[in-house]
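Chain by chain, the residues:
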Amino acid sequence: MRLSRFFMPILKENPKEAEIVSHRLMLRAGMIRQQSQGIYSWLPIGKKVLDKVNNIIREEQNRAGAIELLMPTLQSAELWQESGRYDAYGKEMLRIKDRQDRPMLYGPTNEEMVTDIFRSYVKSYKNLPLNLYHIQLKFRDEIRPRFGTMRSREFMMKDAYSFDLTREGAEHSYNKMFTAYLRTFDRLGLRAIPMRADTGPIGGNLSHEFIILADTGESEVFCHKDFVNFDIPAENTDFDSVDGLKSIFDKWTSLYAATSEMHDEATFNAIPEAERLSARGIEVGHIFYFGTKYSEPMGAKVQGPDGKEHFVHMGSYGIGPTRLVPAIIEASHDENGIIWPESVAPFDVVVINMKAGDEACDDTCELIYAALTKAGKDVLYDDTDDRAGTKFATADLIGVPYQIIAGPRAVANGEVEVKDRKTGARETMTIEAAINRFVA
Ligand code: ATP
Ligand code: MG
């Protein structure tokens, strides 16, 4: 992508409304724009990062056996009257009427709708287990939207829903998601700790919130500090192995970790003081097992091996991609801007032409840009006639992992500089070596 033809509206000034660093950097880097309170457009580089986050989530959901579909944002109130949540949900739910005066709502979550899909088609235990998910916008009329897309009113969620014949089956489905979440957050460059959580208005009795420790987090959390040393389950984990997944779950829940609602002082204080961590955190995922809470009122049942009908045991599993993007920034930035993990960076590398219009610089940059693009790299080429200092500042701000810098003096020697955004290390090398560094 040539920057001169791209749309990346960088802000020079620090936006006053931004209270936390991720919000400030997302606005400055031209990733998002607030359209009305708590409602955002994702501008091109923001959208690129969000897509990469969603793809990692998708790959790990698929690996764990979940199946993707897409449900609508607008739902009929009827389904919610069946479950009893239409009245219970309160003001967070945006209620709308269509032209026939029928009550509708902008979905804050999808248990009812997915249960309706399930009950319409699945009649036998032989079709279980089943886990259906989608990545879709939600709306919750939050009383205090803030921190940009960290807590917005319209936000994206990956929400998965599992269906099983028995509680034991449902626990295995829960452990699949538990394991998939550990892998997902790790691939996003984050260490998210599963913490025992309150089951809240969705109800049930088994629930974990995945929380990233950060001073700007809105949750107060308490945990053992050794979580940082735990290994992440491998890519080839067998998701069909009940015992294998149970042992991952047991290990990750063996140490104390709780949100403030579930915090138990006595157990916490029994941990040696040097190993205790009380901190703030950002909730990036939340998983629940809630049994037959929706299947009973909504009549979602299957015929079991005994020939009788059984209400299915369900779980739901959320991740917030539009919250994860700022969470990654909170965890990875410096005074000059964002430092993206390679897995979600908006571009693989940025080529900086320090003197656009200079024939040697132009030729060198074009050559590198073409070679890397041909090799399948996503390259941003800063071909604008901005000052070199502005270009460096922009490249640092948007956090692309590597910069290839072509200035007249180096180019005259057939060389360019390669800068690692994270470490700041710069290395001068031949043009060919620079290309090979990324192509090889
Ligand atoms: P919170 O406690 O932060 O309000 P929640 O517990 O209501 O969140 P869930 O219903 O568990 O949220 O939703 C699943 C995931 O969706 C959360 O873990 C979070 O990542 C994301 N999410 C929820 N609310 C928001 C929001 N207002 N803005 C952005 N992401 C959100
Ligand atoms: Mg939650």
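See above for the structure.
The sections below set out a description of the structure shown in this document.

### Some words on the coordination of the magnesium ion (ligand 2)
When four donors bind a metal tetrahedrally, each ideal donor-metal-donor angle is 109.5 degrees, and when six bind octahedrally, the ideal angles are 90 or 180 degrees.
So, step 1. Bound to the magnesium ion (ligand 2) on the protein side are Glu283 (OE) and His286 (ND1), at distances that span 2.1 to 2.4 Å.
So, step 2. A relative accessible area of 23% places glutamate 283 in the partly exposed class.

### Regarding the layout of surface pockets
So, step 1. Put simply, the largest pocket is a space of about 1,100 Å³.
So, step 2. Lining the largest pocket are 47 residues; nearest its centre among them are Arg140, Glu209, Glu283, His286 and Arg323.
So, step 3. With 7 residues, the single largest contributor to the lining of the largest pocket is strand 13 (residues 276-291).
So, step 4. Of the residues assigned to the lining of the largest pocket, the class counts are 16 nonpolar, 17 polar and 14 charged.
So, step 5. Considering only enclosed or pocket space, the second largest pocket measures out at about 410 Å³ in volume.
So, step 6. Around the second largest pocket sit 23 residues that line it, and Ile10, Arg28, Ala393, Thr394 and Leu397 are the ones nearest its centre.
So, step 7. Among the secondary structure elements, those contributing two or more residues to the lining of the second largest pocket are helix 1 (21-28), strand 17 (333-334) and helix 12 (388-398).
So, step 8. If one sorts the elements of the lining of the second largest pocket by residue count, helix 12 sits on top with 5 residues.
So, step 9. Taken together, the residues that form the lining of the second largest pocket break down as 9 nonpolar, 6 polar and 8 charged.
So, step 10. Two domains share the lining of the second largest pocket, each providing at least three of its residues, namely domain 1 (7-338) and domain 2 (349-439).

### Considering the pattern of salt bridges
So, step 1. For the coordinates displayed, the defined rule picks out 29 salt bridges.
So, step 2. Across the pair glutamate 60 and arginine 183 runs a salt bridge, and its minimum N-O distance is 2.8 Å. Within this pair, whereas glutamate 60 is found in helix 2 (residues 44-63), its partner arginine 183 is found in helix 6 (residues 167-187), the two being separated by 123 residues in sequence. Here glutamate 60 and arginine 183 have matching classes, each one buried.
So, step 3. For the salt bridge of aspartate 116 with arginine 119, the shortest nitrogen-to-oxygen distance reads 2.9 Å. Linking aspartate 116 with arginine 119, this pair stays in helix 5 (residues 111-121), spanning 3 residues, or about one helical turn.
So, step 4. Assessed through its relative accessible area of 19%, arginine 119 is described here as buried.
So, step 5. Each of Glu59, Glu60, Arg63, Arg183, Arg187 and Glu235 takes part in one network of salt bridges that share partners.

So, how was this worked out
- Residues numbered from 1 in each chain as written.
- Chains lettered and ligands numbered in written order.
- Predicted model: local features only at pLDDT ≥ 70, side-chain atom pairs only at ≥ 80, totals over all residues.
- Heavy atoms only, no water.
- Donors = N, O, S within 2.8 Å, 3.2 Å for Na, K, Ca; no water.
- Buried < 20%, exposed > 50% of the residue type's maximum accessible area, 1.4 Å probe, protein only.
- 1 Å grid on protein atoms, 1.4 Å probe; cavity = no way out; pocket = protein on both sides within 12 Å on 5 of 7 lines; lining within 4 Å.
- Points joined across faces, edges and corners; volume = space filled by probe spheres on them.
- Helix = DSSP H or I, 4+ residues; strand = E, 2+ residues; numbered from the N terminus.
- Nonpolar A, V, L, I, M, F, W, Y, C, P; charged D, E, K, R; others polar.
- Domains from an automatic or database assignment.
- Salt bridge = Lys/Arg side-chain N within 4 Å of Asp/Glu carboxyl O.

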